[in-house]
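So you can see what is in the structure, the chains are spelled out below.
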Amino acid sequence: MKIITVFLLILIASNAITWIITQPSDNSSGSADANKPLYWVAPMDPNYRRDKPGKSPMGMDLVPVYADDEKSSPGTVRISPEVVNNLGVRTVTVSRGILDASIETVGFVQYDDEQRSHLHPRVEGWIDKLFVHTSGEVIEQGQALYTLYSPQLVSAQEELLLALQQSSKRLIEAALNRLRALQIDEREIRQIRTNRQVKQTLTFYAPRSGVVDKLNISEGFFVQPGVTLMSIASLSPIWVEAEVPISQGHQVSEGMQAIVQLDSLPEQQWQAQVDYIYPSINAKTRTTRVRLRLDNPSNVLKPNQFVQISINSQVDKPVLLIAREALIRTAKQNRVVLALGDGRFKSIAVKIGQSNRHFVEITQGLTVGDKVVSSAQFLLDSESSIESDFQRMNYKHEQPKNEHQKNEHQKHHHANQSQKMTMPALTEQQEGSND
């Protein structure tokens, strides 16, 4: 009797276990829920959402969005590891640091116009003797430049001698003022008063030290007012005109420090200062013209010399930086390709600030720790731009925390299907090229 009872108990337990196993589990119901569309969106406008099937404003069938698509968004491209390796996709991490925004450019040495003198005669006459023979000749202040014969100068000397004979202070002062107005040097006037003789030729002297910039006369030349006889310019201080790209022109301001170098003397540097920013753009080079002033005590720098310039416009506070090669520039906006992990990439719009040869400041669109593609990003950007929403500037890494946020992060199933068709085709082409 006991054996029969035990046997019946075992049979009942076995049937109960079988019944439990064969019952549908909660996971199956969850799977069914996962296969149920969350909502429907328009194929051409993911912002147009409905809770049931229908037509879009353009007359197209609405596309269902499922829970499995939660991690996907319009413009997200999935690539297999083999394709990533074959394309040579490399990424760099967005970091925060000090941007060395020094502007590297070129320029030409010029005379300082504020230290230049142009010599013009104030009477008609003939150059009797010339003491300067070539342009570029170094002269000192007070050095004799040329002698001039002029009937007007002879007449002015005779007036002075006549006033001296009459001992009229008023006439003497008037005669002296006339000679000074004709730019006669004081040493010539003293000699006339001392010798009481008229000089047929008078000597004219250098008003400043420097070099002869332009020599337009020779001995025997007839000159008259309005003719430039020669120009005298200084080599210290000197000007350097730099050409700054328009994109960096707003970074330059007067008073900034700069470094000037010669290709022939790379070990030597000259400290300069931004003296003036021209208000117009160079019509030929489309650059902003910037003028630097610097001392040139050894006269190594010469006019029309080509120099390398580095203008220091360093940003003192840390900023968000990415490698320059990771930035994609277009006529309407700047973009980067964001690496989302697990072979997923998305092209997003960013706003940039200052930049140098290696890094670009990001003012909006990325956060510290983001990874952006720095190689093969143009191919990924072209794939992502088909569906990507470039108007959304801030990409968020946080996963949805509630059902409302989940619905906001859902994107239409049509985008995923399009991307799944695009990248396998790319894989086949790549494999074909490898074969």
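Refer to the structure above for everything that follows.
About the cut-offs
Throughout this description, residue numbers start from 1 for each chain and increase along the sequence as written. With the structure being a predicted model, the display of local features is reserved for residues of pLDDT at least 70 and the display and counting of side-chain atom pairs for 80 or more, all residues being used for whole-chain, interface and lining totals. Values shown for side chains rest on all heavy atoms present in the structure; no hydrogens or waters enter the calculation. Starting at the N terminus, helices and strands are each numbered in turn, a helix being any DSSP run of H or I of at least four residues and a strand any DSSP run of E of at least two. Throughout, a residue-residue contact means that at least one pair of heavy atoms, one from each residue, lies within 4.5 Å. Residue burial considers only the protein chains on display, and all accessible areas are found by Shrake-Rupley using a 1.4 Å probe. Exposure classes here rest on a 1.4 Å probe applied to the protein chains alone. A residue is buried below 20% of its type maximum, exposed above 50%, and partly exposed in between. Strands pair, by our definition, only if DSSP identifies at least two bridges between them. Only the stretch in contact is used when a helix axis is fitted, and all axes are lines through C-alpha atoms; the angle between N-to-C directions ranges over 0 to 180 degrees.

*Asks:* Quick question: what am I supposed to make of the overall build of the protein chain here?
*Replies:* When helices and strands are tallied, the protein chain shows 10 helices and 26 strands. Relative to all contacts within the protein chain whose residues are 6 or more apart in sequence, the contacts with residues 24 or more apart total 72%. Accessible area of the protein chain: about 25100 Å², with a carbon and sulfur share of 51%.

*Asks:* Before we go on, may I ask you to explain unusual backbone geometry in this structure?
*Replies:* Backbone geometry follows two general trends: most residues other than glycine have a negative phi, and most peptide bonds adopt the trans configuration. Residues Ser 236 and Pro 237 are joined by a peptide bond in cis, for which omega reads 0°. Tracing the backbone through its elements, the reader meets Pro 237 in the loop between strand 15 (230-233) and strand 16 (238-245). You will see that Asn 299, though not glycine, has its phi angle at about 60°, which is positive. For Asn 299, the location among the structural elements is in the loop between strand 19 (287-294) and strand 20 (306-311). You can call Asn 299 partly exposed: its relative accessible area is 32%.

*Asks:* Please explain the sheet that holds strand 7 (residues 103-110) as it appears in this structure.
*Replies:* Sheet strands line up and pair through hydrogen bonds in the backbone, either parallel or antiparallel. With respect to topology, six strands assemble into a closed barrel ordered 7-16-19-18-17-20, the strand pairing being antiparallel. Neighbour to neighbour, the strand axes of the sheet diverge by 40° on average, direction disregarded. In terms of strand pairing, strand 16 meets strand 19 through eight bridges, oriented antiparallel. In the sheet register, Ala 242 faces strand 19, and the bridge partner there is Val 290.

*Asks:* Which parts of the structure should I look at to understand the pairing of strand 26 (residues 371-375)?
*Replies:* Successive residues of a regular strand alternate their side chains across the two faces of the sheet. Counting buried residues along strand 26, four of its five residues qualify, which places the element largely inside the surrounding structure. Bridge analysis of strand 5 (residues 90-93) against strand 26 gives four bridges, and the strand direction is antiparallel. For Thr 91, the partnering residue across the bridge sits in strand 26 and is Val 373.

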